[in-house]
Amino acid sequence: MTRGRAATATRPDAAQTNGGGEPLVVYFDDIQLVRDLLGDYDANLAVLEDRLGISATVNGNAVALRGPDEACAAAKSVLEQLYGRLAQGEIIGAGEVVGAIRHARVIETEDDGAPDAKAQQIRTRKRLITARTPAQSAYLESLQRNDLVFATGPAGTGKTYLAVAFAAACLEAGRCDRLILSRPAVEAGERLGFLPGDMREKVDPYLRPLYDALYDVLAPERVERGLDTGVIEIAPLAFMRGRTLSHAMIILDEAQNCTAVQLKMFLTRIGEGSKMIVTGDPTQVDLPPGKDSGLIEAIEILRGIDEIGHIAFSKSDVVRRELVGRIVEAYEAAPNEQAAKTFAPKTGGNE
């Protein structure tokens, strides 16, 4: 149910620029939504001030913005967008504020003929999910447009989460008959040995991230019912050989841990009325020595084919938290620095 009303335009008697020290004032209709918009102790507003280099003063249902004209205009746009999303029932936190700012900055730099940078959304019965970066919006647009989409990039960019959310929304809307989630059962640098239990209990530890995403976007009873009836299937990659997957949403996660032969096998499982999403981080390959990842090779081989898309995320698209982005950046810089230390000539006498 929609709550409240959309933000009103700035009143005619309010200053439209900061020339002469006059603020840009934004008025809203629902004071309760304004409280949610600002966050606890105005935490969301503090993020807006810090990121855009402005100052903001709240007076009831009005927010006065002071600073550079372009920054204030961007802040006004962000506040109105977030207010509208609150009215739709979405929960707004610091991450949503940062995401809205990222989209606003892209819109500022676009030419008139550039594509719309509006944040794309996915709605399930449990929640409304909005893209936090322009790359995530491009990802969701590509999923709508193409039948096979590759998503590559570092951890924390939402590759798997958005894929599962999109697939779950398609399942609820009746756009597919079933949801199939798969990962290669490759251990991340350590041996777990033989696991006890039946087949599902043996493979669950490898597929846990997919379960986490499912339970976050669908009601628990919907997930359990889907797993029991086979409408939702979670299986290791090895179980895909010989199958034809029709009228389904198919997701392959951690595809960097697939060999070229495995990936070709999986890609050729797609049947009539199906969409396939393949996600992976080429910098985190856990295959044993002597086996090469087939992910980048597959993307290059299939480049240019209609109905196939590729979205490459970067460290600037990390949304898990900013610390993750800094970790990724540090690891990207480390090989060059280590190589320079390794091959630098030694000086200063005997070692």
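Starting afresh in each chain, residues are numbered from 1 along the sequence in its written order. Totals for whole chains, interfaces and linings use all residues, but because this is a predicted model, local features are given only for residues with pLDDT of at least 70 and pairs of side-chain atoms are given and counted only at 80 or more. Working from all heavy atoms in the structure, the side-chain values ignore hydrogens and water.

This part takes up the overall build of the protein. Along its length, the protein carries 11 helices and 11 strands. Under the scheme applied here, a residue whose accessible area is under 20% of the maximum for its type counts as buried, over 50% as exposed, and between as partly exposed, the area being computed with a 1.4 Å probe on protein chains only. For the protein, with 351 residues in total, the buried portion stands at 44%. Residues are treated as being in contact if the distance between any of their heavy atoms lies within 4.5 Å. Contacts spanning at least 24 positions in sequence make up 69% of the contacts within the protein whose residues lie at least 6 apart. We get accessible surface area from the Shrake-Rupley algorithm with a probe of 1.4 Å; when it comes to residues, only the shown protein chains can shield them. Put simply, the protein shows about 18700 Å² of open surface, and 51% of that area lies on carbon and sulfur atoms. Only DSSP runs of H or I reaching four residues or more are called helices, and only runs of E reaching two or more are called strands; each is numbered from the N terminus.

Moving on: the environment of Leu 287. Counting through the fold element by element, Leu 287 comes out in the loop between strand S10 (275–280) and helix H10 (295–302). Its relative accessible area of 15% is what places Leu 287 among the buried residues. A C-alpha to C-alpha distance of 8.4 Å links Leu 287 and Thr 259, two positions 28 residues apart in sequence.

Moving on, we come to the packing of aromatic side chains. Think of it this way: a Phe, Tyr or Trp ring, Trp meaning its six-membered ring, pairs with another when their centres are within 6.5 Å, and the plane angle makes it stacked under 30 degrees, edge-to-face over 60, tilted otherwise. Scanning the model with the defined rule gives two aromatic pairs in all. With a centroid separation of 5.5 Å and 85 degrees between ring planes, the pair formed by Tyr 139 and Phe 313 is classed as edge-to-face. Of this pair, Tyr 139 sits in helix H5 (residues 134–145) while Phe 313 sits in the loop between strand S11 (308–312) and helix H11 (322–343), and the two are 174 residues apart along the sequence. Taken as a pair, Tyr 139 and Phe 313 share a single burial class, namely buried.

Take the sheet that holds strand S6 (residues 148–152) next. In sheet architecture, strand pairing relies on hydrogen bonds along the backbone and comes in two forms, parallel and antiparallel. Taken in spatial order, the six strands of this open sheet run S8-S7-S9-S10-S6-S11, and their pairing is parallel. In the strand order of this sheet, the two ends are held by strand S8 (232–236) and S11, each with one partner. The average angle at which neighbouring strand axes cross in this sheet is 15 degrees, direction not considered. Strands pair, by our definition, only if DSSP identifies at least two bridges between them. Here four bridges tie strand S9 (residues 248–252) to S10, and the two strands are oriented parallel to one another. Of the residues in S10, the one forming a bridge with Ile 250 is Met 276. Simply put, an axis is a line fit to the C-alpha atoms, just over the touching stretch for a helix, and the angle between two N-to-C directions goes from 0 to 180 degrees. Across the face of the sheet, H10 comes into contact with S6, S10 and S11 while running at roughly 135 degrees to S6.

Within the protein, residue pLDDT values average 81, and 78% of them lie at 70 or more. Here pLDDT means the predictor's own confidence in every residue, given as a number from 0 to 100. Confidence, expressed as mean pLDDT per element, reaches its minimum in the protein at H11 with 62 and its maximum at S6 with 97. This model gives residues 1–17 a pLDDT under 50, and the stretch forms 38 contacts once residues within four places in sequence are excluded. Residue range residues 339–351 is modelled with pLDDT below 50. Its contacts to residues more than four positions away, or to other chains, number one contact.

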